[in-house]
Amino acid sequence: MKNWKLTPAEVFAASPLVPVMVINELDQTLPMAKALLAGGISVFEITLRTPVALEAIALIAREMPEAMVGAGTVLNPAQFDAAVAAGARFVISPGMTPALLAHAASGTVPLIPGVATASEVMQALEAGYDHLKFFPAEANGGTKALAAIAAPLPQIRFCPTGGIGPNNVDDYLALKCVATVGGSWMLPAAAVKSGNWEEVTRLSLEAVALVTR
C-alpha cells in the first residue's frame, strides 16, 4: 500500500464516481471490491455503519493495493483514528464538528467534511477545508441548491452524495463545482445479498461509461 498522504484534490481526481459501500458480512468485502474494480471503479468509500467496516477496510488495504480505500460515516476523532489505523487512505464525514476538523487537520490522511448550507461551507473553509461532501444532495435541493451555494464560493469543490443515480448524475457532473459524486446504485441490495457480483460489475461498467462520456 502506498504510504504518502494524499491531498483532498487527489482523492477527488482519482475517480468521477465513488461507490458508497455498506458491508454487512466480512466475506462480502473482497468479492464486492473486485466486482467494482472489474467494472472500472478503484476508489471505495466503506461506511462505518456496520460492525465489520474497519475489518473490511483493512482487508482491502492489504489485499488490493491497486485500490484507494477510504472510510465514510466518520463522526468523531476516535473513528478517524480507527479508520486510519485500518488502512483508510481518506476519510469522509456526513457532517463536521470543530473537534473533528481540528483533529483531522494534523492527521495523516485527508478528511472530506460534509456540508449542507452556505454557512457550513464557510465554516469548513475557515478551518482550511475546500473539498467537501454535499450531503444529502437530493434532500437538500439537488443541483439547483448546490449551484446556488457554490456560486459565491468558487474555490470549493464538492462531492455530492445522497439520492444520486443514473437519472441525475449527469446534472451533478455538469456543475463546475462538482469534482466527483458518491453513489450506491451499482450496488443494489438484492445483488449484494445474493452474491451476484457479475451484476455489480455490469452496473459498474455502465456507471463508469455514464460518468466519463
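Rules used throughout
- Residues numbered from 1 in each chain as written.
- Predicted model: local features only at pLDDT ≥ 70, side-chain atom pairs only at ≥ 80, totals over all residues.
- Heavy atoms only, no water.
- Helix = DSSP H or I, 4+ residues; strand = E, 2+ residues; numbered from the N terminus.
- Expected span 1.5 Å × (residues − 1).
- Buried < 20%, exposed > 50% of the residue type's maximum accessible area, 1.4 Å probe, protein only.
- Contact = heavy atoms within 4.5 Å.
- 1 Å grid on protein atoms, 1.4 Å probe; cavity = no way out; pocket = protein on both sides within 12 Å on 5 of 7 lines; lining within 4 Å.
- Points joined across faces, edges and corners; volume = space filled by probe spheres on them.
- Pairing = 2+ DSSP bridges.
- Phe/Tyr/Trp six-rings, centres within 6.5 Å; stacked < 30°, edge-to-face > 60°.
- Lys NZ or Arg CZ within 6 Å of the ring centre and 35° of its normal.
- Salt bridge = Lys/Arg side-chain N within 4 Å of Asp/Glu carboxyl O.

Novice: For this particular structure, what's the right way to read helix H10 (residues 197-212)?
Specialist: Each α-helix winds once per 3.6 residues, and so residues spaced three or four apart point in a common direction. In a regular helix each residue adds 1.5 Å, so 16 residues correspond to 22 Å; H10 covers 22 Å between its end C-alpha atoms and thus fits that length. Residues Trp197, Val200, Thr201, Leu203, Ser204, Ala207, Leu210 and Val211 constitute the buried set of H10. As for H10, its buried residues are in contact with strand E1 (17-21), helix H2 (29-38), helix H8 (169-173) and helix H9 (189-194).

Novice: Hey, could you run me through empty space enclosed by the protein in this one?
Specialist: By rolling a water-sized probe across the atoms, one finds the places where empty space is left. Scanning the model with the defined rule gives 1 cavity of 30 Å³ or more in all. Of the voids in this model, the largest cavity is the one considered here, and its volume is about 50 Å³. Around the largest cavity, the lining residues are Val11, Phe12, Val18, Phe90, Ile92, Ile112, Lys133, Cys159 and Thr180.

Novice: Looking at this structure, how should I read the environment of leucine 36?
Specialist: Looking at the secondary structure, you find leucine 36 in helix H2. With a relative accessible area of 0%, leucine 36 lands in the buried category. Along the sequence, leucine 36 and proline 19 sit 17 residues apart, while their C-alpha atoms lie 8.5 Å from each other. Every residue in contact with leucine 36, bar those within four places of it in the chain, is listed here: Pro19, Met21, Ile41, Phe44, Met186, Leu187, Val200 and Ser204.

Novice: Hey, could you run me through the sheet that holds strand E8 (residues 157-160) in this one?
Specialist: By way of backbone hydrogen bonds, the strands of a sheet pair with one another, either parallel or antiparallel. Ordered in space as E6-E7-E8, the 3 strands form an open sheet in which the pairing is parallel. Since the sheet does not close on itself, it has two edges, and those belong to strand E6 (114-115) and E8, each with one partner.

Novice: Teacher, can you tell me more about the packing of aromatic side chains here?
Specialist: Under the defined criterion, the tally for this structure stands at 0 aromatic pairs. Its end group placed over the ring of phenylalanine 135, lysine 133 keeps NZ or CZ at 4.6 Å from the ring centre.

Novice: Looking at this structure, I do not really get unusual backbone geometry. What am I missing?
Specialist: When glycine is set aside, most residues are seen to have a negative phi, and most peptide bonds are trans. Cis geometry is adopted by the peptide bond preceding proline 136, which originates at phenylalanine 135 and carries an omega value of -15°. Within the secondary structure, proline 136 sits in the loop between strand E7 (131-134) and helix H7 (142-150). Positioned with a positive phi, threonine 73 is a non-glycine residue whose angle comes to about 55°. Tracing the backbone shows threonine 73 in the loop between strand E3 (68-72) and helix H4 (77-86).

Novice: Is there a simple way to explain the pattern of salt bridges in this structure?
Specialist: Think of it this way: side chains of opposite charge can pair up when their charged atoms draw near. Tallied over the full model, the rule gives 4 salt bridges. A salt bridge links glutamate 199 to arginine 202; the shortest N-O distance between them is 2.7 Å. Taken as a pair, glutamate 199 and arginine 202 lie in helix H10 at a separation of 3 residues, close to a single helical turn. Note that arginine 202 is salt-bridged to glutamate 206, the shortest N-O span being 2.6 Å.

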